[in-house]
Amino acid sequence: MVEEGARRRVVVEVCNARNLMPKDGQGTACAYAVVDFDGQRRRTATRPRDLNPQWGERLEFLVHTPGAMASETLELNVYNDKKAIAASGGGGGRKSGGTFLGKVKVAGASFAKQGDETLVYYPLEKRSVFSQIKGEIGLKIWFVDEPPPPAPLSTAAPAADEKADNAPSDKKDAADKESAAAAPAPAAEEKKPGAAPAEEKKPEEAAKPEDKKPDNNGKKKSPEKGKKDGEKPKDEAKPKDDNKKEIEAAAAAAAPASPSKAPPPSPSKMQLATAGVAGDLEIRPQTAAERSMAASGGGSASYDLVDRVPYLFVRLLKAKHHHQDGKQPLYAQLCIGAHTVRTRAAASAGEWDQVFAFHKASLTASSLEVTVHEEPKKPEKEGEPTPEDANLGFVSFDLQEVPKRSPPDSALAPQWYTLEGHAEDGAATCDVMLAVWVGTQVDEAFQEAWQSDSGGNLVHTRSKAYLSPKLWYLRLSVIQAQDLRLPSPPDGKAKQFGPAFPELYVKAQLGAQVFKTGRIALGSAAAGASNPSWNEDLLFVAAEPFDPFLTVAVEDVFSGHLVGQARVPLSSVHRRSDDRAEPPSRWLNLCGDEARPYAGRVHVRVCLEGGYHVLDEAANVASDVRAASKQLSKPPVGMLEVGIRGASNLVPMKIAKDGASGSTDAYVVLKYGPKWARTRTILDQFNPRWNEQYAWDVFDPCTVLSIAVFDNVRYKIADAADAGKLPKDARIGKLRIRLSTLDTNRVYVINYALTAVHPVGVRKMGELELAIRFTCPSWLTLMQAYGSPLLPRMHYVKPLGPAQQDVLRHTAMRIVSGRLARSEPPLGPEVVQYLLDTDTHTWSMRRSKANWFRVVGCLSHVATAVKWAHRVRTWEHSPTTVLVHMLLVAIVLCPEMILPTVCLYLFLVLLWRYRSRPREPTGMDPRLSHVDSVSPDELDEEFDGLPSGRPADVVRMRYDRLRAVAGRAQTLLGDVAAQGERIEALLSWRDPRATGVFAVVILLTALVLYAVPFKVLLLGMGFFYLRHPRFRGDMPSAGFNFFRRLPSLSDRVL
């Protein structure tokens, strides 16, 4: 948050560009950059004739509204300065105007704070489909918050205002200084007549009354640089008054801070951010928070995907005695039908400040009664009976007269009510301050209120939103060690039993993660004399806030003794976002025991990899693919809104001891990206209605939303002494929705079946009703996302191995599970692991069958085509075979029509199948998962952990079954290998006669292909293949028999 009155500046350091597109006709380019942000424009100097220009210039921008900076977009355009080409003589001096070299857009939400900035290379983007753009530009972007100026003295304020009013020339001078600071290097060069580009003259002509007006010194203001032909700068669309205000604001930013006059703010920036407008001409997508604020005008979400459920709200603030002698604690009791609830006991002032929400559909009475009680004094002597609580009176409300309220209305002000009854003389003894109204779940008081349908004030039944910790990859490169001093063995005789040279390795530990390098013998060639060299990379998963230290130790393999260790503070570790610059290396001094305070040193390179996305879920159901570094984040392409309406026909999860009844306390957990959402728990309902709505920003449409329903077991014994013995919440069901299957700007209201796999079997657990909407303001931006890489750049330039990535993914899962389990209320590890699919790598006969039949299903289309060709070949339907003959003649005579015909046929097939497209996003498929054909023993094996906890005979039986399945897979792999080895046998002369025959046939084929035209040969082969069955024998062909007789290597396998 920015302190009130403080100023914020955004600093853009344009470092360099690489591999730009030549635009001057001589293989070079004279590049300069123009940066636009928050209605302000700056440009760099021109670097003549350089495709890899180096600028190193810093451009500063004043942020008018710091709170709306996240919704702004910084745009950088790179141009080729033809003026410089004309001045240097290249191109004959006839060229005027600039050529577009590329652009970059950076979201304001990705700006780093001062001190955290890093050099990021952004690829230059095209302005249109036909632009020829390449290269990248390196930028450092950060913002600086300046403290507010000191408060002006009251006596000096009128004088300061008068001085400001009487000095208009000072403002103009400051504006001239600002325009001169915007382009310091090329200022003199730009003033040469006839050298300005053509498109840069257009904004000058359009702004004659403003820009060409001389100031007090007789100078003319330099016009701002425009963009390419036909593209007007943003400043042209502004009225003249706005231009004056911007110049004054820029002058105030450039001049020293004056205590008498603060920089004038822009009153429309927050309105533009709320409306989704980032600049004067650019409309950008709103974030989820902005959409919620714009929809409700303030603090709550729109809740347009769910039903507005009426609740009766009662807010009790405090009570007061009419007499001063009451010093005992007071409490209030609310009675409405079958509901009776009391507040906490407070002091004599009776300050409660509690809100109670009653589900209106469950109310069976027509009036609300609020009673205030006073706790009795404790008996002075032990054994005396405790007197009853004193009733100070009550106040009653007719529910038909209760006012209704819905946001964005202001909160209802509480009022004082005088209690009635229970006074001996009939006089009032106590007043209570409260407010009663009818609202909905959108009310801001609902989240923290006592709720009648979720157990009151129980923490474990509340709806909450969670955030996964930000994860980084920590790379430790172990290079070498020097000056190692090995510890002496405790027994001198042990030397003769050990190796001639001790073997050393480096062990690194971060939290619970421990990784080791390979072993290096101290006297080997890799170790040299006494300096072993490893050159290995160890990769860890680090979560913010980071662990304080990374421990690096060198150990001896044979003796097991520690040679020395060192600790690296993670606060000092270098962060990088790409692989273009190697992180700095460092020497770590190793500390040994007391006899060896210095045990040598080790050369390492440590960095936090911000260019990777740390996968904490299975890659096929990933919900977020953004890089860890904030500087690499892009604006969202849309917004996902999910309304959890309710569930129906849930099965009893808690069975009573007599077995005659049961209950279910259900809640829903949603996971998309780093944000988790948990609904409140509806107690003892088989058809709960939550009617809660959540929103997420979508950065990639090819991601998956995960939803799961659980039965809450923890809330009953949440206060147990041993938290490790808390029971796990039971699974009710799970479903996933891929966002790419959703139509944009459309609302889906669907009932999804909940199917759960349990060790005892598979059963339908009920149905979940959801309302889903995927909003995307720009269809072109959405289509561009399909052409971009799925993962960040570092995953492709320095990819991780499959085994290493799997280990890191499970480590990230454990970190996320542990962090969310420490929240309040905690999100149990069983919930997190169920949504992250931590058990996808475990063996399951059911999943193996499902994957096998998925492969068969993909190959079924090929099998169908082969069967159709066989039917045509055998003349089962003569008209079809005749038509195929005609098609073959047409293809052979007009081969140029093959690809157009195939493409047109595919288009017609797609057009025909459009009618039968899926109308709604599908959830989990029990048939595809093969849950209907699984045996109880296979299910029990699927839920068995590692190591197995089943009896030995059961494990032996399952092992034998696994051997039988693996034997069939082994045979299939052998048959596939045999076919490839037969092809290799044709060229290896392993069977001399077969290879000789093949050589002769190849020679004759070459002569025939040389003598006979290819079209005639192809036509003859097609007719021969489609010949009538009376001209075809019953036995396999000679070529097939020849291939089957070729030798394979299966006879040489032991």
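Calculation rules
- Residues numbered from 1 in each chain as written.
- Predicted model: local features only at pLDDT ≥ 70, side-chain atom pairs only at ≥ 80, totals over all residues.
- Heavy atoms only, no water.
- Axes fitted to C-alpha atoms, helices over the stretch in contact; angles between N-to-C directions.
- Helix = DSSP H or I, 4+ residues; strand = E, 2+ residues; numbered from the N terminus.
- Left-handed = near helix turned anticlockwise from the far one by under 90°.
- Contact = heavy atoms within 4.5 Å.
- Nonpolar A, V, L, I, M, F, W, Y, C, P; charged D, E, K, R; others polar.
- Core = buried A, V, L, I, M, F, W, Y, C linked by side-chain atoms within 4.5 Å.
- Buried < 20%, exposed > 50% of the residue type's maximum accessible area, 1.4 Å probe, protein only.
- Salt bridge = Lys/Arg side-chain N within 4 Å of Asp/Glu carboxyl O.
- Pairing = 2+ DSSP bridges.
- Phe/Tyr/Trp six-rings, centres within 6.5 Å; stacked < 30°, edge-to-face > 60°.
- pLDDT = per-residue confidence, 0-100.

**Student:** How do you make sense of the packing of helix 12 (residues 802–821) against helix 13 (residues 829–836) when you look at a structure like this?
**Tutor:** How two helices sit against one another is set out by the angle between their axes and by the gap between those axes. Running from N to C, helix 12 and helix 13 cross one another at 145 degrees; their axes reach a closest spacing of 9 Å. Helix 12 and helix 13 meet at a crossing whose hand is right-handed. Contacts between helix 12 and helix 13 involve Met813, Val816, Ser817, Leu820 and Ala821 on the former and, on the latter, Pro829, Val832, Gln833 and Leu836. The residue inventory of the contact of helix 12 with helix 13, partitioned by class, reads 7 nonpolar, 2 polar and no charged.

**Student:** Help me understand the nonpolar core in this model?
**Tutor:** Nonpolar side chains in soluble globular proteins generally cluster together in the buried interior. By size, the foremost hydrophobic cluster in this structure holds 37 residues, and its most contacted members are Leu640, Leu670, Ile707, Leu768 and Leu770. Sorting the residues of this core by element identifies strand 30 (638–648), strand 33 (666–672), strand 35 (689–698), strand 36 (704–711), strand 37 (730–738), strand 38 (747–758) and strand 39 (761–775) as the ones contributing at least two each. If sequence neighbours within four positions are ignored, leucine 640 has contacts with Tyr672, Tyr694, Ala695, Trp696, Val698, Leu705, Leu739, Leu742, Ile772 and Arg773. Core analysis: the second largest hydrophobic core is formed by 34 residues, Ala31, Trp55, Leu74 and Val106 among them.

**Student:** Is there a simple way to explain the pattern of salt bridges in this structure?
**Tutor:** A side chain with one charge can pair with a side chain of the opposite charge if their charged atoms come near. A complete count under the given rule lists 47 salt bridges for this structure. In this structure, arginine 9 engages glutamate 60 in a salt bridge whose closest nitrogen and oxygen atoms are separated by 2.9 Å. Remark: glutamate 60 occurs in strand 4 (residues 54–63) and arginine 9 occurs in strand 1 (residues 7–18); sequence separation between them is 51 residues. Overall, arginine 9 belongs to the buried group, its relative accessible area being 19%. Glutamate 60 gets classed as partly exposed once you look at its relative accessible area, which sits at 41%.

**Student:** How should I be thinking about unusual backbone geometry in this particular structure?
**Tutor:** Generally, phi is negative for residues other than glycine and the peptide bonds are trans, each holding for most cases. Between glutamate 544 and proline 545 the backbone carries a cis peptide bond, its omega angle lying at -5 degrees. Within the element layout of this structure, proline 545 appears in the loop between strand 24 (533–543) and strand 25 (549–556). With an omega of 0 degrees, the peptide bond between glutamate 824 and proline 825 qualifies as cis. Even without glycine at this site, arginine 49 takes up a positive phi of about 50 degrees. Of note in the backbone geometry, asparagine 745 takes a positive phi value of approximately 55 degrees without being a glycine. Among the structural elements, asparagine 745 can be located in the loop between strand 37 and strand 38.

**Student:** What is the right way to look at the environment of tyrosine 598 in this model?
**Tutor:** Mapped onto the elements, tyrosine 598 comes out in the loop between strand 28 (585–589) and strand 29 (601–609). Overall, tyrosine 598 belongs to the partly exposed group, its relative accessible area being 27%. With 34 residues separating them in the primary sequence, tyrosine 598 and glycine 564 have C-alpha atoms 8.1 Å apart. With residues up to four places along the chain from it excluded, the contact list for tyrosine 598 reads Asp483, Arg485, Asn589 and Leu590.

**Student:** Please explain the sheet that holds strand 34 (residues 675–678) as it appears in this structure.
**Tutor:** Note: strands within a sheet are paired through backbone hydrogen bonds, in either parallel or antiparallel orientation. The strand order across the open sheet built from 5 strands is 19-34-33-36-37, with neighbouring strands paired in antiparallel fashion. Only two strands of the sheet have a single neighbouring strand rather than two, namely strand 19 (464–467) and strand 37. Across the sheet, the mean angle separating the axes of adjacent strands is 15 degrees when strand polarity is ignored. As judged from the 4 bridges shared by strand 33 and strand 34, these two strands associate in the antiparallel manner. What sits directly across from tyrosine 672, in strand 34, is lysine 675. Strand contacts of helix 13: strand 33, strand 34, strand 36 and strand 37, with the helix running at about 145 degrees to strand 36, the strand carrying the most contacts.

**Student:** I tried to follow the sheet that holds strand 6 (residues 98–107) on my own but got confused; where do I start?
**Tutor:** Spatially, 3-2-5-6 is the arrangement adopted by the 4 strands of the open sheet, whose pairing is antiparallel. One side of each edge strand has no neighbouring strand; the edge strands of this open sheet are strand 3 (40–43) and strand 6. Within the sheet, the average angular offset between the axes of one strand and its neighbour, ignoring direction, is 20 degrees. In this structure, strand 5 (residues 73–81) lies alongside strand 6, joined through 9 bridges in antiparallel fashion. Opposite leucine 74, over in strand 6, you have valine 106 as the bridge partner.

**Student:** Would you mind showing me how to read the packing of aromatic side chains here?
**Tutor:** How two aromatic rings sit relative to each other is given by the distance of their centres and the angle of their planes. For the structure on display, the rule yields 17 aromatic pairs. Taken together, a centroid distance of 6.1 Å and an interplanar angle of 75 degrees make the contact between phenylalanine 37 and phenylalanine 61 edge-to-face. On the criterion of sequence distance, the pair formed by phenylalanine 37 in strand 2 (residues 31–37) and phenylalanine 61 in strand 4 is long-range, its members being 24 residues apart. With relative accessibility at 1%, the residue phenylalanine 37 sits in the buried group. On the accessibility criterion, phenylalanine 61 (1% relative accessible area) is buried. Look at tyrosine 311 and phenylalanine 446: their rings are 4.8 Å apart centre to centre, the planes differ by 55 degrees, and that puts the pair in the tilted class. Here tyrosine 311, found in strand 10 (residues 310–321), pairs with phenylalanine 446, found in the loop between strand 17 (430–440) and strand 18 (450–451); they are 135 residues apart in sequence, far enough to count as distant.

**Student:** Looking at this structure, how should I read the pairing of strand 26 (residues 562–569)?
**Tutor:** Along any regular strand, the residues point their side chains to alternate faces of the sheet. Pairing analysis gives 7 bridges linking strand 25 to strand 26, with the strands arranged antiparallel. Residue pairing in the sheet places alanine 553 in a bridge with glutamine 565 of strand 26. Taking the residues between adjacent antiparallel strands as the criterion, strand 25 and strand 26 are bridged by 5 residues, where glycine 560 takes a positive phi near 75 degrees.

**Student:** Explanation requested: the pairing of strand 39 in the structure shown.
**Tutor:** Most of strand 39 sits out of view: 11 of its 15 residues are buried. Two elements, strand 38 and strand 39, share 12 bridges in a ladder whose sense is antiparallel. Bridge assignment links tyrosine 752 to a residue of strand 39, and that residue is leucine 768. Counting the residues between successive antiparallel strands, the hairpin from strand 38 to strand 39 contains 2 residues.

**Student:** For this particular structure, what's the right way to read the confidence of the model for the protein chain?
**Tutor:** Interpretation of the predicted coordinates at a detailed level should be avoided for regions scoring low in pLDDT. On average, residues of the protein chain score 79 in pLDDT, and 79% of them are at 70 or above. In the model, residues 90–96 has pLDDT below 50 throughout and makes 12 contacts with residues more than four positions away in sequence or in other chains.

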